[in-house]
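A look at the structure
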Amino acid sequence: MAVRRIGVIAADTAHGCLSGSAALLTLCLRITLRSVRTEGNAMRAVAKYGALATLGSVVLSALVAAPADGADATAGAARGVVRAAQRAAATGITFGACPKAERLPAPIVCGTVEVPLDYAEPDGRTISLTVSRVPASGSPERRQGALVFNPGGPGASGMYFPMAAEVPHWKRIAEAYDLIGYAPRGVGRSAPLSCENPADFGKAPTQSPVHPSESYKRERIAEAKAYARGCARGAGSALAHYNSLNNARDLEVLRAALGEQKLTFMGASYGTYFGALYATLFPSHVGRMVFDSAVNPDPEQVWYRNNLDQSAAFERRWDDFRTWVAKHDATYHLGTDAEAVRRSYEKVRAGVAHKPAGGKVGPGQLQAAMLGAGYYDDYWPSRASALSAYLKGNQQPLIAQAAPRPAGAAESENANAVYTAVECGDAPWPTDFAVWDRDNTALARHAPFETWDNVWTNLPCAYWTAPRQRPAEVRTRPGQLPPTLILAAERDAATPYEGAVELHERLAGSALVTERDAGTHGVSGGGNACVTALVEDYLLHGRTPARRAECAPHAEPDPVSPEPANRLAELHRRHNPGARF
């Protein structure tokens, strides 16, 4: 069959399918796929002749990405995306003064966009997603459109992102783009999820054994079951619709509501995962996309194995922190090598286990504070100083850094609820605790720092009652996407480097930029001039480096006068105190 003929048939069939029922849509698109898949050049035909432009491309791409046993539902959802995007394009977003709850200064403005709760029923219940915006600060002729940002999570809000316009390293980007932040479904004021009373979620002090006893495991199993029941009770049937595929679909509706023909998007951490789903589902609507600190999108990794890999990576990063502290023993007096620093840390752990600092900081709160040092190395000076002060008899720095903040309890509980709902609903999880016990007992022998706390965070997924999905296959073909940019730190713990390599292999034509011998989570915020230059060149001019490029590591923190190097990460931490990623 001639290439041009394939394109015509695909276009006619896909557009005709849109007017039929869900069953007819599935059937005729399957027929289309059988025809198109007989030719290896099918996708090139689509790209060359515009065969599946606009509506047809959305439907066909979604069906290609769908798990085989979910094709009917996915085809219906694909048609729902088209309808919702059409409505959003016609309605747009009415921006005005931001509510005080957002804590956003002028000239940032806020609005909402309506999306279906269930894309298979686009005319059914809708939910409102909150959106923030600051217009491009440059001259009108320099404006390149809107840049949408998601900071990750699941469970984090990006409403603060327009404040990046004031960050020096973002000035040129802010001159060319409207900076767009938003809160994904379930987060903040976007149809918020809750699974338990915030006061119960933030209870303190708590324990954090690195090698838990059988009785402690039974307690945590009971808590996980209760938490899963709380999520089901609080959200009801809606719980099934808080997932990554719907986050990607929401992004398509947001693009349309902003009046953008192509989406320019930057996703960090978890934002890279549903950003990659977007690129797979809606390739014809991709403009420029930056994936910063990439989640491994391999369906076999999502999400159980990704968390195992993360626990192993945090052990390496914990060692990096202790090595740095030892290098500056003259400042902190915690030990002259990493092992000596570990012993000092264990003294602090034993101390707060015996008598919680300020009555609120036990081993669990200490662990959570130290976990922050695994994410961001600009936390290293403050965390080391707190440990040092505690051992000298001053508990106040540790209390200030680790004690729960009642004012942020609801936000923290909401972030955890969304994290749990998305990860539990995205993929199958082991339902027998014996599997978790076997895998993590073995892992904790050489990676004790984070392993079991990671288990307790995710264990509700073993007892999840809402429907689960099979992860979609993230994959694009050569020529299907414009160039995309992937950023990764070689020693990132939250999203191990192997995930960036996997995403690079799956997104044809992507460029991978590696910050060597560095581990800060999120490398685009301004801490590395080499990375900043590459991101600017890509977003402003569409240029990517060679297929793989490297940057030297950013400077280590100064123990005497520490200054946050990654200003975007600092904004994220300030506005998402309860977010996991």
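Residues numbered from 1 in each chain as written. Predicted model: local features only at pLDDT ≥ 70, side-chain atom pairs only at ≥ 80, totals over all residues. Heavy atoms only, no water.

Looking only at helices and strands, the protein chain has 22 helices and 10 strands in total. Classification of the 581 residues of the protein chain by burial places 60% in the buried group. (Helix = DSSP H or I, 4+ residues; strand = E, 2+ residues; numbered from the N terminus. Buried < 20%, exposed > 50% of the residue type's maximum accessible area, 1.4 Å probe, protein only.)

With that settled, consider the packing of aromatic side chains. A ring pair, where both rings are aromatic, is described by two values, the distance of the centres and the angle of the planes. Applying the stated criterion across every chain, the model contains 23 aromatic pairs. When the centroid spacing of 4.9 Å and the interplanar angle of 70° are considered together, the rings of tryptophan 318 and tyrosine 345 count as edge-to-face. With tryptophan 318 in helix H11 (residues 304-327) and tyrosine 345 in helix H13 (residues 338-354), this pair connects stretches of sequence that are 27 residues apart. This pair shows no difference in class: tryptophan 318 is buried, exactly as tyrosine 345 is. Against the face of phenylalanine 95 rests arginine 133, its NZ or CZ located 5.6 Å from the ring centre. (Phe/Tyr/Trp six-rings, centres within 6.5 Å; stacked < 30°, edge-to-face > 60°. Lys NZ or Arg CZ within 6 Å of the ring centre and 35° of its normal.)

Right, let's get into the nonpolar core. Core analysis: the biggest nonpolar cluster contains 128 residues, and Leu147, Val148, Leu251, Leu254, Leu459 and Leu539 have the highest contact counts within it. With 8 residues, helix H10 (residues 270-281) is the single largest residue contributor to this core. Setting aside chain neighbours within four positions, we find leucine 147 in contact with Phe161, Trp170, Ile173, Tyr177, Asp178, Leu179, Ile180, Thr264, Phe265, Met266 and Leu539. With 34 residues, the next largest nonpolar core counts Phe321, Leu334, Val361 and Ala373 among its residues. (Core = buried A, V, L, I, M, F, W, Y, C linked by side-chain atoms within 4.5 Å. Contact = heavy atoms within 4.5 Å.)

Okay, the pairing of strand S5 (residues 177-182) next. Extensive coverage of S5 is indicated by the burial of 6 of its 6 residues. Where burial is concerned, the two faces of S5 agree: the one with Tyr177, Leu179 and Gly181 and the one with Asp178, Ile180 and Tyr182 are both buried. With 4 bridges connecting them, strand S3 (residues 126-134) and S5 associate as antiparallel partners. Looking at the pairing, serine 132 lines up with glycine 181 of S5. Sheet topology note: the strand S4 (residues 145-150)/S5 ladder contains 4 bridges and is parallel. From the neighbouring strand, leucine 147 faces S5, where its bridge partner is leucine 179. For the handedness criterion, the β-α-β arrangement of S4, helix H6 (residues 171-176) and S5 is classed as right-handed. (Pairing = 2+ DSSP bridges. Right-handed = clockwise from strand over helix to strand, strands pointing away.)

Glancing now at the environment of valine 325. As for its position among the elements, valine 325 is in helix H11. The exposure class of valine 325 is buried, given its relative accessible area of 1%. Each C-alpha atom, one on valine 325 and one on proline 381, is 8.2 Å from the other, the two residues being 56 residues apart in sequence. Contact partners of valine 325, with chain neighbours within four places excluded, come to Tyr332, Leu334, Gly335, Val341 and Ala384.

Glancing now at the confidence of the model for the protein chain. The share of residues in the protein chain with pLDDT of 70 or more is 84%, and the mean pLDDT across the chain is 88. Confidence drops under pLDDT 50 across residues 1-69; counting only partners more than four residues distant or on other chains, this segment forms 94 contacts. (pLDDT = per-residue confidence, 0-100.)

On to the state of the cysteines, then. Applying the stated criterion across every chain yields a total of 4 disulfides. Here cysteine 424 connects covalently by a disulfide to cysteine 461, the sulfurs 2.0 Å from one another. For the disulfide bridge between cysteine 424 and cysteine 461, the dihedral angle about the S-S bond is near -85°, and by the sign convention the bridge is left-handed. Of this pair, cysteine 424 sits in helix H17 (residues 409-426) while cysteine 461 sits in the loop between helix H19 (451-458) and strand S8 (485-489), placing them 37 residues apart in sequence. The exposure class of cysteine 461 is buried, given its relative accessible area of 1%. One disulfide bridge connects cysteine 530 with cysteine 551, the sulfur atoms lying 1.9 Å from each other. Across the S-S bond linking cysteine 530 and cysteine 551, the dihedral sits near -65°, which makes this disulfide left-handed. One end of the pair, cysteine 530, is in helix H21 (residues 529-541); the other, cysteine 551, is in strand S10 (residues 548-551), and 21 residues separate them in sequence. (Disulfide = S-S within 2.5 Å.)

In this structure the tally under the stated criterion is 30 salt bridges. Taking the shortest distance from any N to any O, the salt bridge between aspartate 250 and arginine 185 comes out at 2.7 Å. Placement of aspartate 250 in helix H9 (residues 244-257) and of arginine 185 in the loop between S5 and helix H7 (198-201) is noted, with a sequence separation of 65 residues between them. With relative accessibility at 1%, the residue arginine 185 sits in the buried group. Residue arginine 220 is joined to glutamate 223 by a salt bridge in which the shortest nitrogen-to-oxygen separation is 3.1 Å. Linking arginine 220 with glutamate 223, this pair stays in helix H8 (residues 214-235), spanning 3 residues, or about one helical turn. For glutamate 223, a relative accessible area of 37% translates into the label partly exposed. Among the charged side chains, a salt-bridge network with shared partners connects Asp298, Glu473, Arg475, Glu502 and Arg506. (Salt bridge = Lys/Arg side-chain N within 4 Å of Asp/Glu carboxyl O.)

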